[in-house]
Amino acid sequence: MNQLSEEKLPDYNESSNKDAKEPTMDIVHLGLDDGYACTKIALADGRLLSIPSRARIGHAWVTWIRDGEQRIFEYETEGSVYSVGAVDGEPTHFEGYTTSAMNRVIVQHAFQQAGLSGRSLHVVSGLPVSAFYNHNGNRRASAINRKIRSLKIDTRSLGELSAPPPARVAFHDVIPEALAAWYDYVIVTNETGTSLDQKRVSAPIAIVDIGGRTTDYVVVQDQGVVHGSSGSLDRGLLNVKTQVTNSIQDAFDLTSISELRISAALETETIRLHGKDHDVSELIHIARQELVERLYSETRRLLGQGAELEHILFVGGGSAALAADIASWFPNQLIAAHPAFANARGMLKYLQFVSDETESS
Amino acid sequence: MIFTSSQHQVLIVLDRQVALESLVLNRLQKIPDCRQQEWLRGLLLDGFRLACNALRAAQCSSGGPSLKGEIKQKPLELPGAITSPATSLGVGSSQTESFKQQSLSHKAGAPVEGENKKPFSQLKKVIG
């Protein structure tokens, strides 16, 4: 399901495919948080878009009677065909996903869903903290460059004459994911303009970004990253999904179950099998609790009691999903507004107000 | 339509993929055909007048990038405001933060190292 915050331009998306056949030279700026569970986009006109990071290799072989009802879309990149959308998605939580063909087609699909077909894009995206920095706090230049190059590889929609032209990435910069939320925190945009909140800039703060595959920690003090208290934990919301899948298979003696059905079960806490609804709330509760306890211990290990920090800021889709569980971890904690989009917003602000777009990226 | 010698026809192409242009087109379509030309003409002149005023104001300030050195930007609909857990979750009592915003330190007349620099480019060093 797409989440598109767009109220003022009802005709925008309806006309986008038609008009996109004539690519324009206008450059679109956007922040791209291409997570393992969801891919989020923040656009300069204020729109926020989120799609599930869901794809599988190969054609879907589905004929849509009406184009308007099409829910599976096919893309080709580097000679491989992928189906994106309402498919039984393959796991994204594998090493190298961020530079994979699967990542590329999901991102291209998000661009298309945002009505950016045929547009030239300037993009800032992210990598988990541990993928961005090595243990000495230096950048992992090769990994960063791989990601920068990956999104520039041609990816096109499949279809006959109706296939929309791809959105192309002309400029791409990569920053640490949780640090993006810090930029969102200190660069304040409102009706009167954009300003830098000096109080926030100078205050020591920890960002906890609970994502799909990883949970990132970044401590910023004196406008620098404190690497000793920063890093990534290889745990996120997808661990809940995996554990619930295993538990349901064990409980109902199933050899396999589709990813789409598990996603629905996580939302409704019931699963329909053999024509009957079954309550799986307890299985979900157990899986959540395991994740929360693991996150809590790692958070305490890295941040202690957080007494010397001005704030601990929780962001990421996991912060929203686990809000009730993390509500009282620190007396000085905050949860960002629309936390799932904090990184994407920060990436957009970094692109608009910090990044040097004249650099060759 | 017959044009006199003093009149010139201007052709403008608007793109529905550009948000503001899409708004203009939507508005234009709601106006009766006979009034569309006059509405567009008024819109153009109003826009030009605003641009002139902004330029004049910028010249009056001491060479800064814009009025009072602030960056004027179309606001995001969902700004990065922060809410405390009490606000966002509706549970318990928790502190709220007073976000007293300071103006951009990019004062009018301050040196700018190159025209391509972004207003907060100094924050790039945070990444390391």
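Residues numbered from 1 in each chain as written. Chains lettered and ligands numbered in written order. Predicted model: local features only at pLDDT ≥ 70, side-chain atom pairs only at ≥ 80, totals over all residues. Heavy atoms only, no water.

(A) Broad picture of the overall build of chain A. The number of helices and strands found in chain A is twelve helices and 20 strands. The buried share of chain A, taken over its 361 residues, is 56%. In chain A, the proportion of contacts linking residues at least 24 apart, taken out of those at least 6 apart, comes to 66%. (Helix = DSSP H or I, 4+ residues; strand = E, 2+ residues; numbered from the N terminus. Buried < 20%, exposed > 50% of the residue type's maximum accessible area, 1.4 Å probe, protein only. Contact = heavy atoms within 4.5 Å.)

(B) How the structure looks around the side chain of S125 of chain A. Residues and elements named next belong to chain A. With respect to the helices and strands, the residue S125 is situated in strand β8 (residues 120-127). On the basis of relative accessibility, which here comes to 0%, the residue S125 falls in the buried class. A distance of 2.7 Å separates the side chain of S125 from the side chain of H172, its partner in a polar contact. In this view, S125 contacts L32, D34, K147, H172, D173, V174, I175 and M347; residues no more than four positions away in its chain are not counted. (Polar contact = N/O pair within 3.5 Å; in protein donor to acceptor, adjacent residues only side chain to side chain.)

(C) Local environment of the nonpolar core. The biggest cluster of nonpolar side chains holds 40 residues, and the ones touching the most others in it are L179, W182, Y183 and I187 of chain A together with L123 of chain B. By residue number, the principal contributor to this core is helix α5 (residues 177-186) of chain A, which donates eight residues. Grouped together as the second largest cluster of nonpolar side chains are 31 residues, L233, I284, L291 and F314 of chain A included. (Core = buried A, V, L, I, M, F, W, Y, C linked by side-chain atoms within 4.5 Å.)

(D) Spotlight on the pattern of salt bridges. Residue and element names in this part refer to chain A. Under the definition given, this model contains 18 salt bridges over all chains. When the shortest N-O distance is used, the salt bridge between E95 and R213 registers 2.7 Å. Taken together, the residues E95 in the loop between β7 (80-85) and α2 (101-113) and R213 in the loop between β13 (205-210) and β14 (215-221) connect sequence positions 118 residues apart. Among the charged side chains, a salt-bridge network with shared partners connects R54, K241 and E259. (Salt bridge = Lys/Arg side-chain N within 4 Å of Asp/Glu carboxyl O.)

(E) Quick peek at the sheet that holds strand β9 (residues 155-157) of chain A. Residues and elements named next belong to chain A. Overall, antiparallel pairing links the four strands, which are arranged β5-β7-β6-β9 in an open sheet. Both edges of this open sheet fall to β5 (55-57) and β9, since each of them pairs with a single strand only. Within this sheet the neighbouring strands show an average axis-to-axis angle of 30°, counted without direction. Relative to β7, strand β6 (residues 72-77) is paired through six bridges, and the arrangement is antiparallel. (Pairing = 2+ DSSP bridges. Axes fitted to C-alpha atoms, helices over the stretch in contact; angles between N-to-C directions.)

(F) Spatial organisation of the packing of α5 of chain A against helix α12 (residues 342-353) of chain A. All names here are of chain A. Contact geometry for α5 and α12: axes closest at 7 Å, N-to-C directions at 70°. Classified by the angle their axes make, α5 and α12 are roughly perpendicular. At the point where α5 passes α12, the crossing takes the left-handed sense. Residues E177, A178, A180, A181, Y183 and D184 of α5 lie in contact with α12, whose contacting residues are A342, N343, R345, G346, M347, K349 and Y350. Its residues placed into classes, the contact of α5 with α12 shows seven nonpolar, two polar and four charged. (Parallel < 35°, antiparallel > 145°, perpendicular 65-115°, else oblique. Left-handed = near helix turned anticlockwise from the far one by under 90°. Nonpolar A, V, L, I, M, F, W, Y, C, P; charged D, E, K, R; others polar.)

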